[in-house]
Amino acid sequence: MAKVRLGQTSMYKQSSASFAVLMTVALLGATACSKEQPVAQTAAPPPAPEAQSPDTEDLGQPSDPRFIGRIWVSTTPGHSRGTLMIFLPDRTLLMDSCFETYRVSKWGAEGDRIRWIEDSIPIEATVSMPNENELRLQLAGQDRVQSFVVAAVPTVCPDMPR
């Protein structure tokens, strides 16, 4: 073995000291990372439901329920491309478009009137179905009729205009 002068350490002593420090850090890190986190026993509460108007829940049955459970795509000029509405039998309404965030709301109907909530504002419309594959909504307070057709399967959102 080579002689070591005073004030110098051998490569062997340096590497074993470095190795000891490295191993200590690695073991501490491994034990800290290997601790199992307790699993939450209760599921997170569901998000608070959107504020609903009693008007949507207290309404009865639509006079023509053929629009329920079908995917309706807007043909109204000026609507976002790919705008669609789905009135589900459980009185949930899904609204979406290819370029906007979807909305899930409650809906209710009585005769030819239908109501749903958008941004906590009740929307009311008169429903008509000229035929099996067309839906028209005349929103209260608006002159323009919103028109929809049943979505073809498969349907893909159109490309965003450039």
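Structure first, text after, so check above.
Structural notes, computed from the coordinates.

## Brief notes about the overall build of the protein chain
Inference 1: Within the protein chain, the regular secondary structure consists of two helices and eight strands.
Inference 2: Split into buried and exposed, the 162 residues of the protein chain put 23% on the buried side.
Inference 3: Considering only contacts in the protein chain between residues 6 or more positions apart, those separated by 24 or more positions represent 40%.
Inference 4: Carbon and sulfur atoms form 59% of the exposed surface of the protein chain, whose accessible area is close to 11,800 Å².

## Focus on the state of the cysteines
Inference 1: On inspection of all chains with the given rule, the structure shows one disulfide.
Inference 2: Covalently, Cys 98 is tied to Cys 157 through a disulfide, its sulfur atoms 1.9 Å apart. Between Cys 98 and Cys 157 the disulfide shows an S-S torsion of about -90°. By sign, it is left-handed. Residue Cys 98 is located in the loop between strand S3 (92-97) and strand S4 (100-110), and its partner Cys 157 is located in the segment after strand S8 (145-150); the two are separated by 59 residues in the primary sequence.
Inference 3: When its relative accessible area of 46% is taken as the criterion, Cys 157 is described as partly exposed.

## What about the pattern of salt bridges?
Inference 1: Enumeration according to the criterion identifies seven salt bridges in this entry.
Inference 2: Two residues, Glu 132 and Arg 66, come together in a salt bridge whose shortest N-O distance is 3.1 Å. Remark: Arg 66 occurs in the loop between helix H2 (54-58) and strand S1 (71-74) and Glu 132 occurs in the loop between strand S6 (121-131) and strand S7 (134-139); sequence separation between them is 66 residues.
Inference 3: Overall, Arg 66 belongs to the partly exposed group, its relative accessible area being 31%.
Inference 4: It is possible to trace a salt-bridge network through shared partners that takes in Asp 64, Arg 66, Arg 70 and Glu 132.

## Things to note about the environment of Arg 136
Inference 1: Along the chain, Arg 136 falls in strand S7.
Inference 2: Once the C-alpha coordinates of Arg 136 and Gln 146 are considered, the two residues, 10 residues apart in sequence, prove to be 5.6 Å apart.
Inference 3: In terms of polar contacts, Arg 136 uses its side chain to reach the side chain of Glu 134, at 3.4 Å.

## Considerations on the pairing of strand S2 (residues 84-87)
Inference 1: Two elements, S1 and S2, share three bridges in a ladder whose sense is antiparallel. Note that in S2 the partner of Val 73 across the bridge is Leu 84.
Inference 2: In the sheet, S2 pairs with S3 via four bridges, with the strands oriented antiparallel. Pairing of Ile 86 across the sheet is with Leu 94, part of S3.
Inference 3: The antiparallel hairpin formed by S2 and S3 contains four residues in its connecting segment, where Arg 91 sits at a positive phi of about 70°.

## Remarks on the pairing of S6
Inference 1: Here strand S5 (residues 113-118) runs beside S6; their pairing, made up of six bridges, is antiparallel. Looking at the pairing, Ile 114 lines up with Ala 125 of S6.
Inference 2: Counted along the chain from S5 to the antiparallel partner S6, the turn is two residues long, and its residue Asp 119 has a positive phi close to 50°.
Inference 3: Between S6 and S7, which pair antiparallel in sequence order, lie two residues.

## Quick notes on the sheet that holds S6
Inference 1: Spatially, S1-S2-S3-S4-S5-S6-S7-S8 is the arrangement adopted by the eight strands of the closed barrel, whose pairing is antiparallel. Between one strand axis and the next, the sheet turns by 30° as a mean value, whatever way the strands run.
Inference 2: When S1 meets S8, the two strands line up antiparallel, connected through three bridges. In the sheet register, Val 73 faces S8, and the bridge partner there is Val 149.

Thresholds applied
- Residues numbered from 1 in each chain as written.
- Predicted model: local features only at pLDDT ≥ 70, side-chain atom pairs only at ≥ 80, totals over all residues.
- Heavy atoms only, no water.
- Helix = DSSP H or I, 4+ residues; strand = E, 2+ residues; numbered from the N terminus.
- Buried < 20%, exposed > 50% of the residue type's maximum accessible area, 1.4 Å probe, protein only.
- Contact = heavy atoms within 4.5 Å.
- Areas by Shrake-Rupley, 256 points an atom, 1.4 Å probe, with all protein chains shown as cover.
- Disulfide = S-S within 2.5 Å.
- Salt bridge = Lys/Arg side-chain N within 4 Å of Asp/Glu carboxyl O.
- Polar contact = N/O pair within 3.5 Å; in protein donor to acceptor, adjacent residues only side chain to side chain.
- Pairing = 2+ DSSP bridges.
- Axes fitted to C-alpha atoms, helices over the stretch in contact; angles between N-to-C directions.

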